[in-house]
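Coordinate inspection notes
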Amino acid sequence: MMCPHCEARVRDAFLKVEGVQDVKVSHEKGTAELTLVNDMSNDDIKKVVEEAGYKYISVE
């Protein structure tokens, strides 16, 4: 991610997923922090990031 537009694109992609309550995205840090009401697998997180057009690195 390189700009606020990228942040919005990733945030919007996650907010479409059932069980995602909130998302905080930072292009400066290259992170997305999720608040979930249901569990979400690493594979599902990776899929959302990649379908939004970005590179998935890891879940911490």
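Predicted, not measured: the structure shown is a model, and the values here were computed from it. (Residues numbered from 1 in each chain as written. Predicted model: local features only at pLDDT ≥ 70, side-chain atom pairs only at ≥ 80, totals over all residues. Heavy atoms only, no water.)

**Quick word on the pattern of salt bridges**
Just so we agree on the cut-off: Note on definitions: salt bridges are taken to be side-chain nitrogens of Lys or Arg within 4 Å of carboxyl oxygens of Asp or Glu. Classification of residues uses two cut-offs on accessible area relative to the type maximum, computed with a 1.4 Å probe and protein chains only: under 20% is buried, over 50% is exposed, and between them is partly exposed.
If you walk through the whole model with that rule in mind, you get one salt bridge. For aspartate 22, the salt bridge identified is with lysine 24, shortest N-O distance 3.2 Å. With relative accessibility at 31%, the residue aspartate 22 sits in the partly exposed group. The exposure class assigned to lysine 24 is exposed, which follows from its relative accessible area of 53%.

**Remarks on helix H2 (residues 42-51)**
Side chains of residues three or four places apart in an α-helix project in the same direction, reflecting 3.6 residues per turn. In plain terms, the rule: Helix and strand assignments follow DSSP, with helices taken as H or I runs no shorter than four residues and strands as E runs no shorter than two, numbered in order from the N terminus. By arc we mean the arc of the directions from the helix axis to the C-beta atoms, nothing more. Contact definition: two residues touch when any of their heavy atoms are within 4.5 Å.
Buried residues of H2: Ile45, Val48 and Val49, and no others. Taken down its axis, H2 places every buried residue within 95° of arc, on the same side. Facing away from the buried side of H2, by more than 90 degrees, are the exposed residues Asp43 and Glu51. The elements touched by buried residues of H2 are helix H1 (4-15) and strand E2 (31-36). Backbone geometry just after H2 places glycine 53 at a positive phi near 100°.

**Brief notes about the pairing of strand E1 (residues 20-26)**
Selection criterion: At least two DSSP bridges between two strands are needed for those strands to be called paired.
Pairing geometry for E1 and E2, over six bridges, is antiparallel. Bridge assignment links aspartate 22 to a residue of E2, and that residue is threonine 35. Counted along the chain from E1 to the antiparallel partner E2, the turn is four residues long, and its residue glycine 30 has a positive phi close to 70°.

**Considerations on the nonpolar core**
This is how the line gets drawn: The term nonpolar core refers to a set of buried residues drawn from Ala, Val, Leu, Ile, Met, Phe, Trp, Tyr and Cys, joined through side-chain atoms within 4.5 Å.
If you look at the biggest cluster of nonpolar residues, it comprises 13 residues, and the most contacted ones within it are Phe14, Met40 and Tyr54. Where this core is concerned, the elements lending two or more residues are H1, E1 and H2. Dropping the residues within four chain positions of it, methionine 40 is found in contact with Phe14, Val17, Val20, Leu34, Ile45 and Val48.

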